[in-house]
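Structure at a glance
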Amino acid sequence: MTERPVLVFDSGIGGLTVLREARVLMPGRHFVYVADDAGFPYGAWEEAALQQRIVELFGRLIEEHDPEIAVIACNTASTLVLDALRVAFPDTPFVGTVPAIKPAAERTRSGLVSVLATPGTVKRQYTRDLITQWASKCHVRLVGSDNLAGLAEIYMRQGFVDEEAVRAEIAPCFVEREGKRTDIVVLACTHYPFLVNRMRKTAPWPVDWLDPAEAIARRALSLLPASHASQIAQSADRAVFTSGAPDFPTRRLMQGFGLQVA
Ligand code: DGL
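Residues numbered from 1 in each chain as written. Predicted model: local features only at pLDDT ≥ 70, side-chain atom pairs only at ≥ 80, totals over all residues. Heavy atoms only, no water.

Reading across the sheet, the six strands line up as S4-S3-S1-S2-S11-S12 and stay open at both edges, with parallel pairing between neighbours. A strand with exactly one partner marks an edge of an open sheet, and here the two such strands are strand S4 (94–95) and strand S12 (260–261). As defined by bridge partners, strand S1 (residues 6–10) adjoins strand S2 (residues 31–35) across five bridges and the pair is classed as parallel. Following the sheet pairing, leucine 7 is matched in S2 by valine 32. (Pairing = 2+ DSSP bridges. Helix = DSSP H or I, 4+ residues; strand = E, 2+ residues; numbered from the N terminus.)

Another aspect to go through is the pattern of salt bridges. The final tally for this structure, using the stated rule, is 12 salt bridges. We note a salt bridge from glutamate 47 to arginine 124, for which the minimum N-O separation is 2.9 Å. In this pair, glutamate 47 is assigned in helix H2 (residues 47–65) and arginine 124 in the loop between helix H5 (119–123) and helix H6 (125–134), connecting sequence segments 77 residues apart. The class of glutamate 47 is partly exposed, set by a relative accessible area of 31%. When its relative accessible area of 2% is taken as the criterion, arginine 124 is described as buried. Counted as one network, the salt bridges with shared partners bring together Glu163, Arg198 and Lys201. (Salt bridge = Lys/Arg side-chain N within 4 Å of Asp/Glu carboxyl O. Buried < 20%, exposed > 50% of the residue type's maximum accessible area, 1.4 Å probe, protein only.)

Glancing now at the pairing of strand S11 (residues 238–241). In terms of strand pairing, S2 meets S11 through four bridges, oriented parallel. Across the sheet, residue alanine 35 finds its bridge partner in S11, namely phenylalanine 241. As defined by bridge partners, S11 adjoins S12 across two bridges and the pair is classed as parallel. Paired with alanine 239 across the bridge in S12 is valine 261.

Paired through backbone hydrogen bonds, the strands of a sheet run either parallel or antiparallel to each other. Ordered in space as S6-S5-S9-S10, the four strands form an open sheet in which the pairing is parallel. Edge positions in the open sheet fall to strand S6 (139–144) and strand S10 (208–210), since each of these has one partner strand only. Strand-to-strand twist across the sheet, computed as the mean angle between neighbouring axes with direction ignored, equals 20°. (Axes fitted to C-alpha atoms, helices over the stretch in contact; angles between N-to-C directions.)

Turning our eyes to something else, we now look at unusual backbone geometry. The omega torsion across phenylalanine 40 and proline 41 is -5°, close enough to zero to call that bond cis. A positive phi is found at aspartate 66, a non-glycine position, where the angle reads about 45°. For aspartate 66, the position within the fold is in the loop between H2 and strand S3 (69–72).

Moving on, we come to the site of the ligand. Near the ligand, the surroundings consist of 14 residues, among which Ser11, Tyr42, Thr76, Thr190 and His191 are the closest. One nitrogen or oxygen atom from the main chain of threonine 190 is found 2.8 Å from an oxygen atom belonging to the ligand. Here a nitrogen atom of the ligand and a side-chain polar atom of histidine 191 are 2.8 Å apart. Protein contact buries 99% of the 300 Å² of open area that the ligand shows by itself. Residues that form the shell around the ligand fall into these classes: six nonpolar, seven polar and one charged. (Near = heavy atom within 4 Å. Polar contact = N/O pair within 3.5 Å; in protein donor to acceptor, adjacent residues only side chain to side chain. Areas by Shrake-Rupley, 256 points an atom, 1.4 Å probe, with all protein chains shown as cover. Nonpolar A, V, L, I, M, F, W, Y, C, P; charged D, E, K, R; others polar.)

This paragraph deals with the nonpolar core. Counting residues in each nonpolar core, the largest one holds 27 residues, and the members touching the most others are Val6, Val8, Leu16, Phe31, Val71, Met254 and Leu259. Mapped by element, the contributors of at least two residues to this core are S1, helix H1 (16–25), S2, S3, helix H10 (213–223), S11 and helix H11 (248–256). Setting aside residues no more than four positions away along its own chain, valine 6 makes contact with Arg29, His30, Phe31, Val32, Ile69, Val71 and Leu224. (Core = buried A, V, L, I, M, F, W, Y, C linked by side-chain atoms within 4.5 Å. Contact = heavy atoms within 4.5 Å.)

As far as function goes, none of this settles anything; it's purely spatial.
Here it is as structure tokens:
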């Protein structure tokens, strides 16, 4: 039997936060992790150009890997290209990652919620529509960060992060209004959970940091047939980098995640 993989996609290493949850839920599955590192960071791309890039890239990825399902483990991409991908590749089920605004609106006590994301995700109409649809009773602050995804990339490869830079990037998330304070920060970029301990450390007060990775993995699981439930994956999971040239720290990181660099 040819094993069709679950393809997990991001601009960089952020999608690994989703991959690790997906593996726990689907130990019988074979995974291919794709990082479009040649296009990283997605946050600053012009929308039409980014959309075209990702749809073209998926044409090649689907042909090469024939995934049973594709998980777009990137908010910046999902909020822009999910519909276009579904239209272009109707035979492939796609699971997206979009800002967890609905669960945040359901859980907040103070009514003050912040969404921390790339500048691209913050300016998307998709994100604005989520707020109108699910959080109209809350005060939602959108915080676009130019640097956090890059800081997470460095941290995961080199083990170093500039805490003052993290403090500065998250500071606008913390709002005080009429005696109330922000109590939930939505991590709306898959890179950010890697930095959550530093965020906790540098935050002016404790908040709930909402990471949607497990929910995304559960959604992917729900769309797959249960046929692999009693199996253990036979072939090694792989990582593909669109640059074709991941450096040594990147290869080492992938090894740490049990991924063979293709
Ligand atoms: N990990 C991506 C996301 O979830 C974005 C990182 C980037 O390319 O800037 O939005």
